[in-house]
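Report on the structure
Residue-level listing of the chains:
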Amino acid sequence: MKRHGDLWDKITDLENIRQAHYAARKGKSHYTEVKWVNANEDEALKAIQLSLIRRTFTTSPYEVEDRFDGRKMRTIHKLPYYPDRIVQHAVVQVCEPIWKASFIRDTFQSITGRGTHDARKRVKMAVRNHPDSHILKFDIQKYYPSVNNEV
């Protein structure tokens, strides 16, 4: 496996954090937090940078809400926009190209250009090419809420 160096410097680079803010705010310009960060951009983004460099950044508590999705009740766990979503985007911007290159082609979750439509197309093609194969669809119920964030 290839080793990639200087990732932390790339993640904590102020321009990377600024681009992360621009990516994270898409479709969320009405959020109060986004408006606040936009109005105090340099100060807010430098504060994120400093907390990352000093290694004092910790994720905020999740906001938990129950929401109907069609006929099914779902429990949604959300982190706030500032600073959590910006930091998430800062990490992903640097690491996604590395991860994407190392994943098998049939990895879809959270990879740009590999969403549910791509997965459906690939499964359809596999079934057509291998008619005697079996397919298993499963979901690990409440997986993410069960993850110990302290660890």
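Scroll up to find the structure this text is about.
Overview of the structure. Just so it is clear, the model here is predicted, and its values are computed rather than measured.

Conventions adopted
- Residues numbered from 1 in each chain as written.
- Predicted model: local features only at pLDDT ≥ 70, side-chain atom pairs only at ≥ 80, totals over all residues.
- Heavy atoms only, no water.
- Core = buried A, V, L, I, M, F, W, Y, C linked by side-chain atoms within 4.5 Å.
- Buried < 20%, exposed > 50% of the residue type's maximum accessible area, 1.4 Å probe, protein only.
- Helix = DSSP H or I, 4+ residues; strand = E, 2+ residues; numbered from the N terminus.
- Contact = heavy atoms within 4.5 Å.
- Phe/Tyr/Trp six-rings, centres within 6.5 Å; stacked < 30°, edge-to-face > 60°.
- 1 Å grid on protein atoms, 1.4 Å probe; cavity = no way out; pocket = protein on both sides within 12 Å on 5 of 7 lines; lining within 4 Å.
- Points joined across faces, edges and corners; volume = space filled by probe spheres on them.
- Nonpolar A, V, L, I, M, F, W, Y, C, P; charged D, E, K, R; others polar.
- Polar contact = N/O pair within 3.5 Å; in protein donor to acceptor, adjacent residues only side chain to side chain.

**Points about the nonpolar core**
Counting 14 residues, the largest nonpolar core has Ile17, Val37, Leu45, Ile48, Leu52, Tyr81 and Ile86 as the members making the most contacts within it. Those elements giving two or more residues to this core turn out to be helix H2 (14–24), helix H3 (32–39), helix H4 (41–53) and helix H5 (81–102). Setting aside residues up to four positions removed in sequence, Leu52 forms contacts with Trp8, Thr12, Ile17, Phe57 and Val87.

**Brief notes about the packing of aromatic side chains**
Here the structure, examined in full by the defined rule, presents one aromatic pair. Between Trp36 and Tyr82 the ring centres are 5.2 Å apart and the planes differ by 65°, which places this aromatic pair in the edge-to-face class. Taken together, the residues span a long stretch of sequence, with Trp36 in helix H3 and Tyr82 in helix H5 at a distance of 46 residues. With relative accessibility at 39%, the residue Trp36 sits in the partly exposed group.

**Quick word on the layout of surface pockets**
Size it by volume and the largest pocket reaches roughly 2,000 Å³. Together, 40 residues line the largest pocket, and His77, Gln88, Gln109, Ser110 and Tyr144 are the ones closest to its centre. Taken together, the elements giving at least two residues each to the lining of the largest pocket come down to H2, strand E2 (72–78), H5 and helix H7 (143–146). Counting residues per element, the lining of the largest pocket draws most heavily on H5, at 11 residues. Along the lines of polarity and charge, the residues of the lining of the largest pocket split into 18 nonpolar, 11 polar and 11 charged. Taken as a whole, the second largest pocket holds about 390 Å³ of empty space. Residue composition of the lining of the second largest pocket, by class: six nonpolar, one polar and three charged.

**Brief notes about the environment of Gln49**
Relative to the elements of secondary structure, Gln49 occurs in helix H4. Each C-alpha atom, one on Gln49 and one on Leu14, is 6.5 Å from the other, the two residues being 35 residues apart in sequence. Beyond its immediate chain neighbours, meaning those up to four positions away, Gln49 contacts Thr12, Asp13, Leu14 and Ile17.

**With respect to the environment of Ser133**
Mapping Ser133 onto the fold places it in the loop between helix H6 (116–129) and H7. On the accessibility criterion, Ser133 (38% relative accessible area) is partly exposed. Engagement of the side chain of Ser133 in a polar contact is seen with the backbone oxygen of His130, the distance being 2.7 Å.

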